[in-house]
Every structure is written in C-alpha cells, then in structure tokens.
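Chain and residue survey
Below are the chains, spelled out letter by letter.
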Amino acid sequence: MAEKFHNFIAGRWVESKTGQWFENRNPADKNDLVGLFPKSDARDVHEAVAAAKEAQKAWRLVPAPKRAELLYKAGRILEERKEALSRDMTREMGKVLNETRGDVQEAIDTAYYAGGEGRRLFGDTCPVELPNKFGMSVRCPIGVAGLITPWNFPMAIPSWKSFPALVCGNTVVLKPAGDTPLSAVNFVKALEDAGAPPGVVNLVHGGGTEVGAALVEHPDVRVISFTGSTAVGKQIASSCGKSLKRLSLELGGKNAQIVMDDADLDLAVEGALWGAFGTTGQRCTATSRLIVHERVLAKFTEMLLPRVQALRLGNGLDSNSQVGPLVNEQRRREVHQYVRIGVEEGATLLCGGEPASGGSLDHGWFYKPTVFTNVTRSMRIAREEIFGPVVAILRIGSLEEAVDVLNDTNYGLSSSIYTRDVNAAFRAIRDIEAGITYVNGPTIGAEVQLPFGGVKETGNGHREASHTVLDTYTEWKSIYVDYSGRLQKAQIDTHDARG
Ligand code: UN1
C-alpha cells in the first residue's frame, strides 16, 4: 500500500475534506508509485487561509531578526537532509541527482540570503522641507501570501517565494504542482521542524482549478506569486486585476544563446549542451534557440551533434545518467507534437525527434535530445516555448541581426552571448530584451542574490530572488514625525531661505 501524505494547516498534517487522493509516480519508472496526496478543494484552501490570517496577527509583530531565525534553522535542516531530499525529488520528477542537489542547495542559499533581510529590510530616512520634522519609509507585511509553484524546481521555487514572504512578516499558503508534492512536503516539514508557529506556513495539495483558483480568488489572500505557463499566468492576472490584488508572475521563456564568429567554440558547445538539455530542457531558463553566426555555423553544428547524441539518458538516481525523463506522459506528448510541427514547417531534424526506448527507458517518459537546424524566426519552434529537450539552430550574419532575432519573441527571460569581443558583449548586454543576460555562459544557472525574472510575456515586472523580491511581499509606508509642536503645512509654509 502506498504511503499517504497530507496537507499542512494550522500546524497539523491533515487529510483533505474531499477524502480523495491523487497518485504521484516516478517519471523514470511509471510502475513506481511515490505516494498518495490529498486531492483538495476550496474548503481546504479556506481553512488554510483562515489559519494563515489568524497566525499573521502575531507573526507580523515578531521582530524581523527573530523571524529570520526560522529561515536560518530551516536552511540548516535542509542542509542536513540535502541528500535524502534530493533523492526524493529525483524520484518524483526525474531530473538527475546532481541537479536535484542543486535545487535543494538553491533553497538553502535562499534561506540564508533571505534570512539576512531580517537585519536589513532597508527603508529610507530623508530630509524633509519643514523644520523639526523627520521623514522615513518602512516596509510593511501585506498579509496572507498565496504561492503557486511548478514542478521543475520543486524546492528552489517554493523557497524563493516562502522565505522572503515570511521574513517580511507575511504568512503563507503554498499550493505546489501535482507532479512534485513530496518535495513540497519535505520543504514544509523543514519549516515545521525549524519551529514555524502554527498557521504561519500552510500547504494545500491539489489541482490548479480546485486549489489554485480558490487561493487566487480568496479575498483574504492579499498577494499571489505564481510560476508557470504564460497562459495560466494571464488567467491569474485577470482574476487578481478584479480586486487589485498584488501579483508576481514568473512565466514562460524562449531563451537564446548567440554564438558569434569569434566565440570559443568548445565553450559555446559546452554551454549549449548544458543550457538546452540540462533538466531535460524543462527550465524556464532553458536554451531553446541557438543563434549562430554563419561563419561558424557548420563547424559549431558538427561539434555539437556528436555531443548531443552521446548524452546518456536514464533514471536520474543512476549516477551514470546525464539526462532524465520528461516529467509526465502529457509533457512527452506535447514535446513530440512540437517536433512534428518543426518538421512540417520545413526545419531540418538533425538528431532525436522521438521518444527514447529500449531497456529500462521503456518504463519512463524519456525523449531523445533533439536538434533542428535551418530554423527561421517565423517558425513556431522558434517562437513558442517547448519545455523539453529540443533546440533550434538559427543562422545570422551579424551581431545586429543576432540581437534582432533573439528579441523577436513574446518572451524575455534569459539570454546568452558567446564572443571574445568585449565591445560586442556590451552592445548585446545593452540591446537584448531579457531579464537575464550571460556572457560566455549558458542561459541557465542564475544565483539567488541577483534578481530573477523577465520582460514582455515572461512576467509582470516583478523579480524574484535578490532584495528586489521584497517589493512583492511588502507595502511601503512613509512616515512623517513632526516635533515642532505646531501645524506646519508642506508646500505652503515657505518661511525658508528662498524667502
Ligand atoms: C526555472 O527554470 O524556473 O537559473 C528556474 C536557473 C535556475 C533556476 C531556474 N537557478 O536555471
């Protein structure tokens, strides 16, 4: 009998009111049932939000450096459990163990980085125009934060959202993706064991339509942070717009790596391999376009291809594997559908283009790393997010053209340029429309102390990570203290040096 896991509401692990469960299966071996998780609905969300609202009354009054201690403790617990949590994560979503270790590490980094905000959370003090008067601004918590997270970074992304929300004095209700509920349990357990007061952190499992929508629409949830598809992000935005609810969106990408004719091609190939096929291409930051200068196109392609074909697919728990499966059957169907579209559009399929089979691969949702060339910017495979191990090569003849092709998309998350020319690098940095630009590095691998997010339909102007995330989870309050003992009128009393 499979193990049953629970929601976490008001400090207790509880079943859903529905009494129903959903299965969590290993994408590398569909016969491996990881566990059963509550298929919750709006009633569970209401209970969790009520608990979070009640707990926030006291949590907002805990001094921020004390709130930060919860994060530091949770960070230490995640460190102690890193190996076990990484294994659980690989088992439930497939990416190779080295990468799930990186995912847990990103949560640890975020715990310590956001914990530091407990002693910063800087505001301004500034001069004021009237005598005997003082001006300053402080960050205030917003209230209950509803956090809706994806399966591709099952611990890093919940940590990006929860830790800053908590240190700012909000309480949270987390709704994790249905493909990775175990990592969410492990994450919340670390916070529980670190001593989170009941109701400060709540977890409700279930689907987007039942649980996610109820969270987004709940009037007591004052801020929503969502990472996922642009289509769902737009629905959430229109729902939040109706009540002017604060919303941070982290959506799709169509990230590109430019390879100029003076690039170190060995390095550019390494970068493309990691950027396109790391995490089986299932990162928002994954490289899905290679924009290559015509003078090195043939050479670059010839160097890349055997490396792609040599990538070892397999169960991520096997240290020999370099590329794990796609997260589920539907994802594999959708990726394959895009490959068909690419072929129909007239792109040249160089390798891959079909599910991987044979031996243990038959048990999981594996897909062969796929490279298309002769791709033009108007093709759908050059414009739409595929979220799988598929990369499209586009030919360009100049830096201007490269940047123009790179920008010719509705998205703008990550980007990269390989060149040895410092002038070209800085022009690209200036002209690329994206939230993140790498020079001589792949499009993946953001660190937690720099802002994470993108332009255009990748988001709505907010950034995660860094101190910039604090803008999502706080309201500014401006404070004027008049110690003159009389009524002073700003902009009107002009008894100053101006005369
Ligand atoms: C994501 O794909 O949603 O920069 C997050 C990176 C990782 C985070 C990716 N640190 O690739």
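Everything below is about the structure shown above.
In what follows, the accompanying structure is described. (Residues numbered from 1 in each chain as written. Predicted model: local features only at pLDDT ≥ 70, side-chain atom pairs only at ≥ 80, totals over all residues. Heavy atoms only, no water.)

So, about the sheet that holds strand S19 (residues 474-482). In spatial order, the strands read S5-S6-S19; together these three strands make up an open sheet with antiparallel pairing. Every interior strand has two partners, whereas the edge strands, strand S5 (125-126) and S19, have only one. (Pairing = 2+ DSSP bridges. Helix = DSSP H or I, 4+ residues; strand = E, 2+ residues; numbered from the N terminus.)

Let us now look at helix H8 (residues 230-242). Taking 1.5 Å as the rise per residue, H8 with 13 residues should run 18 Å; its terminal C-alpha atoms sit 19 Å apart, in good agreement. Packed against the buried residues of H8 are strand S7 (144-148), helix H7 (208-217), strand S10 (221-227) and strand S11 (246-250). (Expected span 1.5 Å × (residues − 1). Contact = heavy atoms within 4.5 Å.)

Under the definition given, this model contains 30 salt bridges. For the salt bridge of Glu 47 with Lys 17, the shortest nitrogen-to-oxygen distance reads 2.4 Å. Here Glu 47, found in helix H1 (residues 42-59), pairs with Lys 17, found in the loop between strand S2 (12-14) and strand S3 (21-26); they are 30 residues apart in sequence, far enough to count as distant. Owing to a relative accessible area of 45%, Lys 17 belongs among the partly exposed residues under this scheme. For Arg 25, the salt bridge goes to Glu 23, with nearest N and O atoms at 2.8 Å. On the accessibility criterion, Arg 25 (33% relative accessible area) is partly exposed. One network of salt bridges, with partners in common, ties together Arg 81, Lys 189, Glu 192 and Asp 193. (Salt bridge = Lys/Arg side-chain N within 4 Å of Asp/Glu carboxyl O. Buried < 20%, exposed > 50% of the residue type's maximum accessible area, 1.4 Å probe, protein only.)

Further remarks concern the environment of Met 89. Considering the arrangement of structural elements, one finds Met 89 in helix H3 (residues 82-93). Put simply, Met 89 and Leu 215 are 126 residues apart on the chain and 25 Å apart in space, counted from C-alpha to C-alpha. For Met 89, the contacting residues outside a window of four places in its chain are Gly 94, Lys 95, Thr 100, Asp 103, Val 104, Pro 154, Met 155 and Ser 183.

Helix length check: helix H9 (residues 265-277), at 13 residues, gives a terminal C-alpha distance of 18 Å against a target of 18 Å (1.5 Å per residue), a fit within 8%. Looking at H9, one finds that the buried residues are Leu 265, Ala 268, Val 269, Gly 271, Ala 272, Leu 273, Gly 275, Ala 276 and Phe 277. Contacts made by the buried residues of H9 are with strand S12 (255-259), strand S13 (287-293), helix H10 (294-309), strand S15 (370-373), strand S16 (390-396) and strand S17 (414-418). The residue sitting at the N-terminus of H9 and contributing the capping side-chain oxygen is Asp 264; that oxygen lies 3.1 Å from the backbone nitrogen of Asp 266. Directly after H9, the chain includes Thr 279, whose backbone phi takes a positive value near 55°. (Polar contact = N/O pair within 3.5 Å; in protein donor to acceptor, adjacent residues only side chain to side chain.)

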